[in-house]
Structure formats: C-alpha cells, structure tokens
Amino acid sequence: ADQVEVIGRAGELFSVGREGSLTGNRVDVFILDDLYKDAMEANSPIVRENCWEWYTSVVRTRMHNLSQELIVFTRWHEEDLIGTISSREKVTPLTRWEQLEEPSEGWLHLNFEALKESPPSEIDPRGVGEPLWSEQHSRELLLEKRHLDPLRFECMYQGRPTVRGGLLYGDNFTTYDRLPECIVKRGNYPDTADMGDDYLCSVSYAVDSDGVIYVLDVVYSREP
C-alpha cells in the first residue's frame, strides 16, 4: 500500500516514487532509498537534474524544524543527489556512535566499503584491506571483481563514484616545475559547451622537440 496507518498510533507511512507528489503533507522523517534505479539513470544529466529539482521543490518544502532525513543508495555518479548535497552543505563523517546523539548542523555520512581503505573507526573498526563480509564476499573475490571493472567496483562496492574520464591517465600522469627550453609549439584546444547544461573546457598547452605535451592552464566552467 502507498499509505499505511497503525491503529492507536499517531502519524502514518506514506510512500511515493521519485518525482511523486506530496501535496498537503507535512513530513517528520524522510527515507530516500535508491533514487536512481541503475547506472544509466544516474549517468543521465537530465535525470540527475530532475531528481535535484524534485528534492528541492518537494522534499525540502515539506520539512519543518524537527524533520529528519536518511538518504541511502548506490553512488553511481559524482554529481548524484548525495554529491550535490555534499558540495553545498556541511557533511561530517560518522565515526562515533555518540555523534548520533550530539546536536549538529548538516549531515552525518557513513560509508561501509566492501574492502576497507579508510582509517578504522569506532563504527567500522576493520583494518585496511579487510572485507566487510568475508564469509559471503572474500577479499580474493572482491579483488577479482575490482580487476574486472574498476569503475563499477568503486561505485557498487566502495561508495566512491568516479567518472570514466578520470581513469584515462592511470598513475603515469606526471607534473613539472618549469618548462624545458626546447618548446617548439604553443596552442589551445577549446571544447565548447554549445548544447544543454554543459561545461566549457579550454586547455592551453606547449609541445617540446620530443613531442611531449605540457599542460599550461585549464579553464573548466559553465560561464559563457
């Protein structure tokens, strides 16, 4: 049922899908679970924008001073709802049980990695490299899954979405302190944002006599 009441108790449980209506309802507790059904939805800028519009115009407008929110879902994209909230509001890592009782502003963030990579805490005391549920998903099995598809593994098992473009250069992308004297060419390559809600990316570069490219400056902006 979309609406459930318990006899003899105040309040009710009301269920709606993403972009559903909550007209006339004041909400004490929101539980937002898997707002994107799969990676295809989360990777769509239109779906992400519609989700944010629904969240700000429907969810947030139904909250009062004592309202609470719990958001739980697979992180498919850096700019999903959790990522967008994190870029605009205060988010504190949840490492101690006492934090749940302490008055605080903003959000508490808890991420259980399948393979522990963050420092141990009171809530998740595993050592680095330990699996979350070794009886069901051993370290060896998880490493095989990571090797098969590193990008998808970071999303589904580690809670750290990474855009595929960020994996292009691997670990061999080096830096420099000064340009060599044998520069033979300077140039600029702009990738224009001419359609939709896109970014303009403009890269200035130099090339030496051996064909090595040095990135000099990058402009990445939604500004016209």
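A brief report on the enclosed structure follows. For clarity, every value in this text was computed on a predicted model and none was experimentally measured. (Residues numbered from 1 in each chain as written. Predicted model: local features only at pLDDT ≥ 70, side-chain atom pairs only at ≥ 80, totals over all residues. Heavy atoms only, no water.)

### Quick notes on the packing of aromatic side chains
Now for step 1: Enumeration over the complete set of coordinates arrives at 5 aromatic pairs.
Now for step 2: Here Tyr 199 and Tyr 220 contribute two aromatic rings whose centre-to-centre distance is 4.5 Å and whose plane-to-plane angle is 5 degrees, an arrangement assigned as stacked. Of this pair, Tyr 199 sits in the loop between strand S7 (183-191) and strand S8 (200-208) while Tyr 220 sits in strand S9 (residues 213-221), placing them 21 residues apart in sequence.
Now for step 3: Classification of Tyr 199 by relative accessible area gives partly exposed; the value is 23%. (Phe/Tyr/Trp six-rings, centres within 6.5 Å; stacked < 30°, edge-to-face > 60°. Helix = DSSP H or I, 4+ residues; strand = E, 2+ residues; numbered from the N terminus. Buried < 20%, exposed > 50% of the residue type's maximum accessible area, 1.4 Å probe, protein only.)

### Focus: helix H2 (residues 45-59)
Two residues of an α-helix separated by three or four positions point the same way, owing to the 3.6 residues in each turn.
Now for step 1: Over its 15 residues, H2 extends 20 Å from the first C-alpha to the last, a length consistent with the 21 Å expected when each residue adds 1.5 Å.
Now for step 2: Along H2, the residues classified as buried are Val 47, Arg 48, Cys 51, Trp 52, Trp 54, Tyr 55, Val 58 and Val 59. The buried side chains of H2 occupy one side of the element, clustering within an arc of 165 degrees when seen end-on. Among the exposed residues of H2, those oriented more than 90 degrees off its buried face are Pro 45 and Ile 46.
Now for step 3: Buried-residue contacts for H2 involve strand S3 (29-33), helix H1 (39-42), strand S4 (68-72), helix H3 (81-88) and strand S6 (107-109). (Expected span 1.5 Å × (residues − 1). Arc of directions from axis to C-beta. Contact = heavy atoms within 4.5 Å.)

### Things to note about H3
Now for step 1: Leu 81, Ile 82, Gly 83, Thr 84 and Ile 85 are the residues of H3 that are buried.
Now for step 2: Elements in contact with the buried residues of H3: S3, H2, S4 and S6.
Now for step 3: Two or three places before Ile 82, at the start of H3, stands the capping residue Asp 80, its side-chain oxygen 3.3 Å from that residue's backbone nitrogen. (Polar contact = N/O pair within 3.5 Å; in protein donor to acceptor, adjacent residues only side chain to side chain.)

### Quick word on the sheet that holds S9
Now for step 1: On the basis of which strands lie adjacent, the open sheet formed by 3 strands has the order S7-S8-S9 and antiparallel pairing. Two strands bound the open sheet, and with one partner strand each, they are S7 and S9. Within this sheet the neighbouring strands show an average axis-to-axis angle of 10 degrees, counted without direction.
Now for step 2: Where S7 meets S8, 8 bridges bridge the pair, whose relative direction is antiparallel. Within S8, the residue paired with Arg 186 across the bridge is Ala 206. (Pairing = 2+ DSSP bridges. Axes fitted to C-alpha atoms, helices over the stretch in contact; angles between N-to-C directions.)

### Concerning the pattern of salt bridges
Now for step 1: Evaluated as defined, the whole model comprises 16 salt bridges.
Now for step 2: With a shortest N-O distance of 3.3 Å, Arg 160 and Glu 154 are connected by a salt bridge.
Now for step 3: It is possible to trace a salt-bridge network through shared partners that takes in Glu 113, Glu 117, Arg 146, Glu 154 and Arg 160. (Salt bridge = Lys/Arg side-chain N within 4 Å of Asp/Glu carboxyl O.)

### Describing the state of the cysteines
Now for step 1: Following the criterion strictly, the structure yields 0 disulfides and no others.
Now for step 2: Just so you know, Cys 155 is unpaired, no disulfide at all, and the nearest cysteine sulfur is the one on Cys 51, 16 Å from it. (Disulfide = S-S within 2.5 Å.)

### What about the pairing of S3?
Now for step 1: Judged by which residues are buried, S3 turns out to be one-sided: Phe 30 and Leu 32 face inward and are buried, whereas Val 29, Ile 31 and Asp 33, on the alternate face, are not.
Now for step 2: As paired elements, S3 and S4 share 5 bridges and run parallel to each other. Within the sheet, the bridge partner assigned to Ile 31 lies in S4 and is Leu 70.

### Brief notes about the side chain of Thr 84
Now for step 1: Along the chain, the position of Thr 84 falls in helix H3.
Now for step 2: In this structure the side chain of Thr 84 is engaged in a polar contact, spanning 3.4 Å, whose partner is the backbone oxygen of Glu 79.
Now for step 3: Setting aside anything within four residues of it in sequence, one finds Thr 84 in contact with Trp 52 and Glu 79.

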